[in-house]
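Descriptive structure summary
Read off the chains here:
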Amino acid sequence: MTDTGSTKDLDPVEPVAAPADDAGDGVSEEAAGAVPRGEEQEAGAVELPDGVWDVVVVGAGPAGSSAAYAAARSGRRVLLLDKAEHPRYKTCGGGIIGPSRDSLPEDFKLPLQDRISAVTFALNGKWTRTRRSKRMLFGVVNRDEFDLRLVQAAEQAGAVLVTGVTATGVEQRGGDSRTVSVTLADGRKVEARAVVGADGSASRIGRHVGVTFDQIDLGLEAEIPVPESVSRHWAGRIHLDWGPLPGSYGWVFPKTDSGTLTVGVISARGEGEKTKEYLAAYIRRLGLSGFEPLVESGHLTRCRAEDSPLSRGRVLVAGDAAGLLEPWTREGISYALRSGRLAGEWAVQVAEAGGAADVRRQALNYAFAVKAGLGVEMRAGKVMLASFEKRPYLFHAAVSLINPAWRAFARTTQGHTTFAQLMRDHRAARKLAAVAGRQ
């Protein structure tokens, strides 16, 4: 079966070298959400440029790099801070869907590992069916390469990158104060007229803002090197398995150029052991248990409550730090890129604000911009998740057997539509969600 419609081409470039020895241990549910050991210690006395910055961005992942890029393009003095050196491994399938592609910096060259045009669907290992599209659905990247390219784009736009430093908090003086201080682990402070917190799902800047979550999920992943024959078998195709736990699913993303498969599962937090068992069973069913993983890792994804704040004073939050991700699929890259771009643009306005009232107005404008786009999509995603948790077999039957449903899936990954638009414009989508969600 094929999809109709067009998609912008994703052009590969020569890959960026990854660290030669980046190994990881399997993590427990609790450890997945913990602050990494040793994070509190600065890697030596890293020199920081003097002066007050227009915008300081904490965290150089997709959200932070996008924020720094957007703010720096306007000619402002921008500092981008991160505790890690790039490139570094991140637990992530690495799928670059249409909305991610459309939010990248100008002239950005994606370091693609593979181009996906087919999906194999399974219902907990059964009722397997592969659907194919004439056009590419999305691309796959290694996050270490992808994130490094984003950091480089921010630097090229004029942002100053400083790594090996950990931001431990923010201090705001209130009133009409024109600056805010970012406190580092070694006690130093960095002064800014606006701050963007993009320091991940366990964000310290997010805690300062008061971000709250109503959905926390545990993702476990293995990066598995495979022989060329196995890699060729998976080239151009992903695997999605609707899992045995409510709201759970598994995935295989091929990193063909690297000769690895990213295999992972995700389910609601609180089912740590069962999630581990699901991953082990999934790998076994796929015939991959005989290969030694290069990396085994885990993480918690946190999805914001609808009334959760996106700012406090001169501090904005974006991406995982704000709990912005797709609730059903838990896809976060496109949300990070889009919210990061918005945060960078509105941080410039906050930096230029003269008093507390003007700061509040610009911060509210950022919140409105996020809620009008990503917020609407998240609302639809939560409806989809609630229905999927109860009757995953209906979703499996739809995308596997019903051509309009498959085309809707394909068009969503390509960026031609969203879950919110599908539910608004198509009665069949609303009916599927309603039927699946009945008690």
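Since the model is a prediction, treat every value here as computed from it, not as a measurement.

**As for the packing of aromatic side chains**
All told, the structure shown has 15 aromatic pairs when counted by the stated rule. Residues Tyr249 and Trp251 carry aromatic rings whose centres are separated by 5.6 Å and whose planes lie at 55 degrees to one another, so their mutual orientation is tilted. In this structure Tyr249 comes out as buried when scored by relative accessible area, which is 11%. Aromatic rings pair up to connect Phe121, Trp242, Tyr249, Trp251, Trp328, Phe388, Phe395, Trp406, Phe409 and Phe419 into one cluster. The ring centre of Trp234 lies 4.3 Å from the NZ or CZ of Arg237, which sits over that ring.

**Re the pattern of salt bridges**
Going through the model one piece at a time under the given rule, you end up with 20 salt bridges. A salt bridge links Lys255 to Glu223; the shortest N-O distance between them is 3.6 Å. With a gap of 32 residues between them, Lys255 in strand β14 (residues 249–255) and Glu223 in strand β12 (residues 213–225) connect regions that are remote in the sequence. This pair shows no difference in class: Lys255 is buried, exactly as Glu223 is. Between Arg379 and Glu306 there is a salt bridge whose closest N-O contact spans 2.6 Å. Residue Arg379 is located in helix α9 (residues 356–390), and its partner Glu306 is located in the loop between β16 (295–304) and β17 (311–312); the two are separated by 73 residues in the primary sequence. Accessibility expressed as a relative area gives 48% for Glu306, which makes it partly exposed. Residues participating in the shared-partner salt-bridge network are Arg88, Arg143 and Asp147.

**Overview of unusual backbone geometry**
For the peptide bond that leads from His86 to Pro87, omega is 0 degrees, which places it in the cis range. Positive phi is not limited to glycine here, since Asp107 has a value of about 65 degrees. Tracing the backbone shows Asp107 in the loop between α3 (98–102) and β4 (112–116).

**A closer look at the environment of Tyr69**
Positionally, Tyr69 belongs in helix α2 (residues 62–73). Tyr69 gets classed as buried once you look at its relative accessible area, which sits at 7%. As a C-alpha pair, Tyr69 and Gln152 span 83 residues in sequence and 9.3 Å in three-dimensional space. Among all residues touching Tyr69, those that are not within four sequence positions of it are Pro105, Glu106, Ala153, Ala154, Ala157 and Arg341.

**Quick look at the environment of Thr120**
Relative to the helices and strands, Thr120 resides in strand β5 (residues 118–123). For the pair Thr120 and Val252, spaced 132 residues apart in the sequence, the C-alpha separation amounts to 9.6 Å. Once residues lying within four places of it in the same chain are set aside, the contact partners of Thr120 are Thr128, Arg129, Thr130, Arg237, Ile238, His239 and Leu240.

**Considerations on the sheet that holds strand β3 (residues 95–96)**
Across the sheet, which stays open at both edges, the three strands sit in the order β3-β7-β4 with antiparallel pairing between neighbours. Because the sheet does not close on itself, it has two edges, and the strands there are β3 and β4. Two elements, β4 and strand β7 (residues 138–141), share four bridges in a ladder whose sense is antiparallel. Residue pairing for β7: Arg115 is matched across the bridge by Gly139.

**A short note on a positive patch on the surface**
A cluster of basic side chains, namely Arg427, Arg430, Lys431 and Arg438, defines a positive patch on the protein surface. With respect to the secondary-structure elements, Lys431 resides in helix α13 (residues 427–436). On the basis of relative accessibility, which here comes to 48%, the residue Lys431 falls in the partly exposed class.

**A short note on the sheet that holds β16**
On the basis of which strands lie adjacent, the open sheet formed by seven strands has the order β6-β5-β13-β14-β15-β12-β16 and mixed pairing. Two strands lie at the open edges of the sheet, namely β6 (126–132) and β16, each paired on one side alone. Taking each pair of neighbouring strands and ignoring which way they run, the sheet shows an average axis angle of 20 degrees. Sheet topology places β5 next to β6; five bridges connect them, and they run antiparallel.

**Thoughts on the confidence of the model for the protein chain**
Summarising the model, the protein chain shows a mean pLDDT of 88, and 89% of its residues fall at 70 or more. Between residues 1–43, whose pLDDT stays under 50, and residues either more than four places distant or in other chains, the model counts 107 contacts.

**Focus on the side chain of Asp147**
Looking at the element boundaries, Asp147 is found in helix α4 (residues 143–157). Separated by 2.9 Å, the side chains of Asp147 and Arg88 make a polar contact. With near-sequence residues (within four places) excluded, Asp147 lies in contact with Gly61, Pro62, His86, Arg88 and Lys90.

**Some details on the side chain of Gln414**
Residue position: Gln414 is located in helix α11 (residues 403–414). With a relative accessible area of 0%, Gln414 lands in the buried category. A distance of 3.0 Å separates the side chain of Gln414 from the backbone oxygen of Met136, its partner in a polar contact.

Rules used throughout
- Residues numbered from 1 in each chain as written.
- Predicted model: local features only at pLDDT ≥ 70, side-chain atom pairs only at ≥ 80, totals over all residues.
- Heavy atoms only, no water.
- Phe/Tyr/Trp six-rings, centres within 6.5 Å; stacked < 30°, edge-to-face > 60°.
- Buried < 20%, exposed > 50% of the residue type's maximum accessible area, 1.4 Å probe, protein only.
- Lys NZ or Arg CZ within 6 Å of the ring centre and 35° of its normal.
- Salt bridge = Lys/Arg side-chain N within 4 Å of Asp/Glu carboxyl O.
- Helix = DSSP H or I, 4+ residues; strand = E, 2+ residues; numbered from the N terminus.
- Contact = heavy atoms within 4.5 Å.
- Pairing = 2+ DSSP bridges.
- Patch = residues over 30% accessible without salt bridge, like charges linked within 9 Å, V, L, I, M, F, W, Y side chains within 5 Å.
- Areas by Shrake-Rupley, 256 points an atom, 1.4 Å probe, with all protein chains shown as cover.
- Lys, Arg positive; Asp, Glu negative; His and termini not counted.
- Charge placed at Lys NZ, Arg CZ, Asp CG, Glu CD.
- Axes fitted to C-alpha atoms, helices over the stretch in contact; angles between N-to-C directions.
- pLDDT = per-residue confidence, 0-100.
- Polar contact = N/O pair within 3.5 Å; in protein donor to acceptor, adjacent residues only side chain to side chain.

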